[in-house]
Amino acid sequence: RTLRVERTVSWIKGRFIEGDPKTKKSKRTIILPRFLIESLKRHRERQTVQRATVGDSWQDLNLVFCNPSGGFRNRGTTRESFATLLKRIGLPHMRVHDLRHNASTFLQMVLRMPAKMAQDILGHDDLKMTFDYTHTDLDMQRGMMDDMDTFFSGLSEGEDDTPVV
């Protein structure tokens, strides 16, 4: 149930270049939730069928997400596929990179994950970067204030309406 981030791929001067992640913290192991493991298993089954379809022209680069012949995905194709998916499920346009911001916000503000754990999952060198990737909105603030109401309403009140803590 783990994902290991060990290498990166960049498009430089008209070709794909594999390399090490940017920083020491970027190289990491992440525990994956069961629902994602099941989704990845179904993806692998579809990829196995695709591999058989293209036969000897399959490039065995051991990629989870690849082009139809097993090679690196073109950035433009990835962007187009992502934009199509967002439109199909009714979400606003965003960049693929924005998913890192969404993940940071979701981990900390929705799941209430400790910032240090989110930092480790995201592979940020310092906590400031993790905080820079995390965003809040009024609905999140409202939820926190509702939680505060619930917490404080459970405390007994003094005769002068002053909470006793």
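Quick notes on the rules
Residues numbered from 1 in each chain as written. Predicted model: local features only at pLDDT ≥ 70, side-chain atom pairs only at ≥ 80, totals over all residues. Heavy atoms only, no water. Helix = DSSP H or I, 4+ residues; strand = E, 2+ residues; numbered from the N terminus. Rg over C-alpha atoms; globule rule 2.2 N^0.38 Å. Buried < 20%, exposed > 50% of the residue type's maximum accessible area, 1.4 Å probe, protein only. Contact = heavy atoms within 4.5 Å. Lys, Arg positive; Asp, Glu negative; His and termini not counted. Charge placed at Lys NZ, Arg CZ, Asp CG, Glu CD. Salt bridge = Lys/Arg side-chain N within 4 Å of Asp/Glu carboxyl O. Patch = residues over 30% accessible without salt bridge, like charges linked within 9 Å, V, L, I, M, F, W, Y side chains within 5 Å. Areas by Shrake-Rupley, 256 points an atom, 1.4 Å probe, with all protein chains shown as cover. Phe/Tyr/Trp six-rings, centres within 6.5 Å; stacked < 30°, edge-to-face > 60°. Arc of directions from axis to C-beta.

S.K.: How should I be thinking about the overall build of the protein chain in this particular structure?
M.R.: Within the protein chain, the secondary structure is distributed over six helices and four strands. Traced from its N-terminal end to its C-terminal end, the protein chain shows the element sequence β-β-β-β-α-α-α-α-α-α. Here the C-alpha radius of gyration of the protein chain, 22 Å, is well above what a compact globule of 165 residues would show, namely 15 Å. Once the C-alpha set of the protein chain is aligned to its principal axes, its extents read approximately 80 × 35 × 30 Å. In the protein chain, buried positions account for 21% of the 165 residues. Across the protein chain, the fraction of contacts at a sequence separation of at least 24, relative to all contacts at a separation of at least 6, is 41%. Across the protein chain, the mean location of the 27 positive side-chain charges is 14 Å away from that of the 22 negative side-chain charges.

S.K.: Could you clarify how one ought to interpret the pattern of salt bridges in this entry?
M.R.: Between side chains of opposite charge, pairing is possible as soon as their charged atoms come close. Across all of its chains, the model carries ten salt bridges by this definition. Linking Glu6 and Arg4 is a salt bridge whose minimum nitrogen-to-oxygen distance equals 2.7 Å. Classification of Arg4 as exposed rests on a relative accessible area of 57%. Of the charged contacts, one joins Glu18 and Arg7 as a salt bridge, the two residues approaching to 2.2 Å between their closest N and O atoms.

S.K.: Is there a simple way to think about a nonpolar patch on the surface in this case?
M.R.: On the surface, Met144, Met145, Met148, Phe151 and Phe152 cluster together into a nonpolar patch covering about 500 Å² of accessible area. With respect to the secondary-structure elements, Phe152 resides in helix H6 (residues 138-153).

S.K.: Explain the packing of aromatic side chains to me, please; I cannot follow it from the model alone.
M.R.: Each aromatic ring pair is specified by the distance between its two centres and by the angle formed by the two planes. Counted according to the given criterion, the structure contains three aromatic pairs. Plain terms: the ring middles of Trp11 and Phe16 are 4.6 Å apart, the flat faces sit at 70° to each other, and that makes the pair edge-to-face. Look at Trp11 and you get partly exposed, because its relative accessible area is 42%. Put simply, the rings of Trp11, Phe16 and Phe72 touch in pairs and so form one group of aromatic residues.

S.K.: Help me understand the environment of Met144 in this model?
M.R.: Structurally, Met144 can be placed in helix H6. Judged by its relative accessible area of 31%, Met144 falls in the partly exposed class. In this structure the C-alpha to C-alpha distance between Met144 and Met109, which are 35 residues apart in sequence, comes to 9.3 Å. Sequence-distant contacts of Met144, defined by excluding residues within four places in its chain, comprise Met109 and Arg112.

S.K.: Is there a simple way to think about the environment of Ile12 in this case?
M.R.: Structurally, the position occupied by Ile12 is in strand S2 (residues 8-12). Relative accessible area serves as the criterion here: at 41%, Ile12 is assigned to the partly exposed category. The spacing of Ile12 and Gln47 is 35 residues in sequence and 27 Å in space, taken between C-alpha atoms.

S.K.: Would you mind showing me how to read helix H4 (residues 115-122) here?
M.R.: Note: α-helices contain 3.6 residues per turn, so residues at a spacing of three or four share the same orientation. For H4, every residue scored as buried is listed here: Ala115, Ala118, Gln119 and Leu122. The arc that holds every buried residue of H4, seen down its axis, measures 105°, which confines them to one face. In this fold, the buried residues of H4 make contact with strand S4 (28-31), helix H3 (98-110) and helix H5 (127-132). With its phi angle positive at about 80°, Gly123 sits one or two positions after the end of H4.

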